[in-house]
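Chain and residue survey
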Amino acid sequence: MTVRDERLVDVARASFAIVLALVVVAAALALLGFEPGPALAALARGSLGGTAALTATVLKTTPLLLTGLGVALCFRCGVWNIGAEGQLLVGALCATAVATRLLPDAPAVVLLPAVVLSGALGGFAVAAVAGALRASRGVSEVISTILLNFVAIQLVALAVHGPLQEAAGAYPKSDPFPVAALLPAIGRWHLGIAVAALLAVATEVLLFRTAIGFRMRAVGLAPRAARFAGISPERIGLATLGLGGAFAGLAGAFEVAGVTGQLYEGISPGHGYTAIAVALLAKLHPLAVIPSALFFGALEAGAGAMQREAGVPASVTQVVQGIAILVSATFAVAARRRPGAAAAGAASAAAEEAT
Amino acid sequence: MEALLEAAVRLAAPLLLAALGELIVERAGVVNIGVEGTMLTGAFVGFAAAVASDSAGLGVAAAAFAGCAVGVLFAFFAIARGTDQIVVGMAVNLLAVGATGLAARALYAGATPSGPTLSSEPLPFAGDLPYLGPILFSHTPFVYAAFGLAIAVGFALTRTRAGLRLRAVGEVARAADAEGVPVARVRVTAIVLGSCLAGVAGAALSLAQSDTFTESMTAGRGFIALAVVIFGRWSARGVVLAALFFGLANALQFRAQAQGFEIPYPIFLMFPYLVTLTVLAFVAARARAPADLGTPYNRERL
Amino acid sequence: MCGITKAFVRDLPVLESVDFDIAAGEIHSLLGENGAGKSTLMNVLVGLVRPDAGTLVVAGEPVDFATFGPAQAARCGIGMVHQHSALVPAMTVVENFAFGDPDGGWLFRPARRRSAVQALAERFDFDVPLDRRVEDLSVGERQRAEILRVLGRGARVLILDEPTSVLTPGEARRLFTSLRRLRDSGHSVVFISHKLGEVEEIADRVTVLRRGRTVGVLDVAEADAPTLGRKMLGRDVAPLDRTGRPPVAAASGPPLLQLNGLAAPGATEASRLRGLSLAVRAGEIVGVAGIDGNGQRELEEVLAGVRAPSSGELRIRGEAVTPGARSLRAAGLAHLSGDRETSGLIAGFSLAENLILKGSYDDRRFFRRGCLDLGAARTAARDVAARYGVVPNDPDADIAVLSGGNAQKLTVARELDGDPAVLVAVNPARGLDVGAARFVHERLIERRAAGAAILLISTELDEVMALSDRLVALVRGTFVPIPAGADRAEIGAILLGGTVT
């Protein structure tokens, strides 16, 4: 099969996953006493029906795109980063700290980059903790990144009840961002959207056209064989984890600096977890993360409308995510990537077995 | 002090139940990070059944059944279809959050009632002992079940043929297969059993520790259970001790809160996760997992 | 067994219409080269592989392959000891005997089971330590435990897959004695091997397989080595032509590769490296002979820069080199391996990507300013495929679709590229058919003539003897010199003197 054929199969499989998920959800809704027809119609309207809906979709897509990229990169290198949520939150936290406490009076040309950068660094730092635990103490990053998510949620709570709380002290939220810290925008379409899309392209280039990306892919496919080529799976793992964290942190910064203008609890409705679905549906391919993020973004945007108009709770989106993950990961020749597991690859494996 | 220890035992029970379930699964060579979602499903189904039938006991049974059902789902994808175990586990977690949220809204339209619970019953003689009585022998059935099962699981793993087979499958699946042990069947059974226990652990939350169901009420306990298995070095005895350790940490946290220490509330909430991370940092490198953990087995490929 | 046919991959049959029979009270050897299909045939017999066609009759009863698995085979009295141990290292010997036992109830009683195993050991006169974990046993002890376990299940037909590949000559002799004892008591033994000498020594009858087909069933008493060899290989087994090579004296000058007191931890106590010292000069091939498990893997990994030595030094061209894959390669050392675990090929990467794999840090032909030049890589791959006859020759093809021989050609091309001064070749012809093996050996001789220093580590004594100018034995992590002109028997004795047990 040529590379093009494989891509087509991936697209077909992703589409099948989406359709199946929607069908199952419609059935579940009917079973639970909701009316699937109006619900799905509300979903479509809320995500694609008109400028406001499209805007909502795009705004929801951006953090999913960024976190999805980070997660896809990590998964590709065999690093199970489930902590995008926490990395996003800490990124938002650091961005808010810089914008409202550390440099609130700086001019935009200084403040904006500082805000964005601190977001990325914040996310990087969280991921680095998990990375350090993995590298030096052998702690599985699956568990550590998840635990850090919970810690991060409380860190944000701590901040908005305390040091970062608004001047009035009435509600647990931060001061609104000074104008200089806000992302330039056209209407509600902020600069972060473009940056995210560009980063997707950049990530694709990184993976497939650079030496580092080459090494990352090598480690993801066969860490032991990569060692013989002088590549250190530990270093690559750390690097990708850090990069994934930075991407998620960036998403957090963009949320506070481009969408909400301030920090409060619950600023992320689980973007970091949805990112996993985004990455898997895209088969860990950076450019494919864009349409995948759009799908889940539309889903979230439409879910709000679905809740308002049809009374269907937004938790439906997680059901769709779960089904999408299962379907896209399963009817996959996902095992294709593992040595000797491909049908054709079994030839060499069998030849060696048949002594 | 007495109250602290009593709380430690009580709080350890759900964790212990879930961890025992995961222990069985991991000794068979499978990693199931969907414990969290399974617990949540058990918590909801147990609660809903208890409310509908006004019987907490029935709720527990329903939770166990729900756990088994989730286990079957996991086993289908992870074993029968060979999907990556971590991915399936994440999917289970997402599905659980979404489905329980959906169902809760559908059934209770936002006004979740209080349900029947299982209360603490002192055991006939042991409960009257001066010091140990209230600490060890005056608890809900969940606690008794948890510790009783711990003994049973420990015994089963080392002294029954089924336990030996399970361990063989988790260490060297190929060798077990060559000896005629049905690897897939053993793993599926382990998964269903483990998930059943996780479901009951969830019921312990909604039918004893609290009297209602709230969305995402498991709050990461399932993931802590994963850490408990590692901390306990994949042995039943170790898991009991580890669960008690976390129970104690939890109890201390509540005690400090109640004493009104001048520490912000979020820090208390962070506490269990930080403790888990710290423990893992010291323990993970030295604990020895079952050799075939996480590796899918397929006979015609090596 | 009649007409057994099996293909794991369409159009690439591993077995074609193979017939095989075994009588009670005989030792029957299954002989053939690597890849001939011996293991697969026996896996069919023991229920691990279902054939595409053919029949199996056991004690007069035909077998239904749809329901024939290892448990059923055991009930028919067929048991197999595989090349790779089927014991669970983390469990004790007694536990290993218990978990697969179909009879015996749900409870495991350690004491009772132990005495049962003890009685079994005495009945068959096997010496097996019972109370230790399998991971603490020697290779010979593990094998005896496995054989005993199979016998304990009531096996009348015992299949052994290359049992001597991990034994010292002394242990092998002990094994043969036990096998003869079993035969005399009415058991049947199937002895899979690719070593002519062993077959001659132990077997009553021999079936020769070549490329998945039966080419002959002979009484060992009547067949001689040349006949068997011819049947196994399809032509006369001629030693590699050593004429035309410059005499040993031509190897001169300072050593290009020096090992000084190299020590490294090992997977087992026996394979730990203890102060290895060796020098290889330009234009010579130094062969390291040895039985698998004596430190070859560890030595290879140290030389490849993947295992850190605990002490000692490595010098290349007189300069000390810090052990690390990149620094060794930069100093001029190439590592060529025929073993899947160390060959450094990545399944999922294309031919081109595997070809340039080791150059991602410093090969400016393909990696400039941090960027990957895939076009140049593809061209290079096409070129290599043409020159070396690699099939398929599409540079974007996944390397996993290549056969062992073709993949090895790519490895050879990759490692010999740039004319390395020092070459470490490890089992370079493992798993290859005769033509491919000859190709690899010829490339090594070419390099030797061009002045490279070659260290050949191989568990195949014939390969090492045919190619090397000088021989040394690796026994228990130590180098033992082999005098020039020593024959196989003498070398075998040296390999023996320092037992693995």
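Small disclaimer: the values here were computed from a predicted structure and weren't measured. (Residues numbered from 1 in each chain as written. Chains lettered and ligands numbered in written order. Predicted model: local features only at pLDDT ≥ 70, side-chain atom pairs only at ≥ 80, totals over all residues.)

**Topic: the overall build of chain C**
In terms of regular secondary structure, chain C is built from 16 helices and 23 strands. What you see for chain C is a C-alpha radius of gyration of 24 Å, in line with the 23 Å of a compact globule of 501 residues. A burial count over chain C gives 51% of its 501 residues as buried. Relative to all contacts within chain C whose residues are 6 or more apart in sequence, the contacts with residues 24 or more apart total 68%. (Helix = DSSP H or I, 4+ residues; strand = E, 2+ residues; numbered from the N terminus. Rg over C-alpha atoms; globule rule 2.2 N^0.38 Å. Buried ≥ 20, exposed ≤ 12 C-beta atoms within 10 Å, placed from the backbone. Contact = placed C-beta atoms within 7 Å.)

**Description of the overall build of chain B**
A tally of regular secondary structure across chain B gives 12 helices and two strands. Helices and strands in chain B line up, N terminus first, as α-α-α-α-β-α-β-α-α-α-α-α-α-α. Its C-alpha atoms give chain B a radius of gyration of 19 Å, within 12% of the compact-globule value 19 Å for 302 residues. When its C-alpha atoms are laid out on the principal axes, chain B stretches across 60 × 45 × 40 Å. Within the span of chain B, comprising 302 residues, buried residues form 58% of the whole. For chain B, the proportion of contacts with a sequence separation of at least 24, taken over those separated by at least 6, is 78%.

**Notes on the packing of helix α3 (residues 51-76) of chain A against helix α10 (residues 233-260) of chain A**
Geometry of a packed helix pair, given as the angle between the helix axes and the separation of the axes. Residues and elements named next belong to chain A. Between α3 and α10, whose axes approach to 7 Å, the crossing angle comes to 170 degrees. If you check the angle between α3 and α10, you find them roughly antiparallel. Here Leu 59, Thr 62, Pro 63, Leu 66, Thr 67, Leu 69, Gly 70, Val 71, Leu 73 and Cys 74 of α3 come into contact with α10, specifically with Thr 240, Leu 241, Leu 243, Gly 244, Gly 245, Phe 247, Ala 248, Leu 250, Ala 251, Phe 254, Glu 255 and Val 259. Residue composition of the contact of α3 with α10, by class: 15 nonpolar, six polar and one charged. (Axes fitted to C-alpha atoms, helices over the stretch in contact; angles between N-to-C directions. Parallel < 35°, antiparallel > 145°, perpendicular 65-115°, else oblique. Nonpolar A, V, L, I, M, F, W, Y, C, P; charged D, E, K, R; others polar.)

**Concerning the sheet that holds strand β15 (residues 311-316) of chain C**
Residue and element names in this part refer to chain C. With antiparallel pairing, the four strands of this open sheet are ordered in space as β13-β12-β15-β16. Two strands lie at the open edges of the sheet, namely β13 (273-281) and β16 (319-321), each paired on one side alone. In this sheet, neighbouring strand axes are inclined to one another by 25 degrees on average, regardless of whether the strands run parallel or antiparallel. Of the pairings in the sheet, the one linking β15 to β16 comprises three bridges and is antiparallel in character. Each bridged residue has a counterpart across the sheet, and for Arg 315 the counterpart in β16 is Ala 320. (Pairing = 2+ DSSP bridges.)

**Here's the deal with the packing of helix α3 (residues 56-80) of chain B against helix α4 (residues 85-108) of chain B**
Residue and element names in this part refer to chain B. Across the interface, α3 lies against α4 with an axial gap of 9 Å and an inter-helix angle of 145 degrees. The handedness of the crossing between α3 and α4 comes out as right-handed. In this structure, α3 uses Val 70, Leu 73, Phe 74, Phe 77 and Ala 78 to contact α4, whose residues at the interface are Gln 85, Val 88 and Val 92. For the contact of α3 with α4, a count of residues per class yields seven nonpolar, one polar and no charged. (Left-handed = near helix turned anticlockwise from the far one by under 90°.)

**A few points about the domain arrangement of chain C**
Splitting chain C by domain gives domain 1 (2-233), domain 2 (248-348 + 404-410 + 418-496) and domain 3 (352-397). A separation of 44 Å is found between the C-alpha centroids of domain 1 of chain C and domain 3 of chain C. (Domains from an automatic or database assignment.)

**Things to note about the nonpolar core**
Residue and element names in this part refer to chain B. Formed by 397 residues in total, the largest nonpolar core has its most connected members in Leu 16, Val 228 and Val 239. Looking at this core element by element, the count peaks at 17 residues for helix α9 (residues 183-209). Not counting residues within four places of it along the chain, the set of residues in contact with Val 228 comprises Leu 15, Ala 19, Val 239, Ala 242, Ala 243 and Phe 246. (Core = buried A, V, L, I, M, F, W, Y, C linked by C-beta atoms within 7 Å.)

**What about the confidence of the model for chain C?**
This prediction gives chain C a mean pLDDT of 83; 91% of its residues lie at or above 70. Taken as a whole, residues 241-247 of chain C scores under 50 in pLDDT and shows two contacts with residues more than four places along the chain or in a different chain. (pLDDT = per-residue confidence, 0-100.)

**Looking at α9(B)**
Between the first and last C-alpha of α9(B) there are 38 Å, a value that for 27 residues agrees with the 39 Å anticipated at 1.5 Å per step. Burial of α9(B) is extensive: 23 of the 27 residues sit out of reach of the surface. (Expected span 1.5 Å × (residues − 1).)

**Some points on unusual backbone geometry**
Among all residues except glycine, the phi angle is most often negative; among peptide bonds, the trans geometry is most common. All names here are of chain B. We note that Asp 54 has phi near 55 degrees; this positive angle belongs to a residue other than glycine. Note on placement: Asp 54 falls in the loop between α2 (35-53) and α3. Not every positive phi belongs to a glycine, and Arg 233 is a case in point at roughly 50 degrees. Within the secondary structure, Arg 233 is located in the loop between α10 (221-231) and α11 (236-258).

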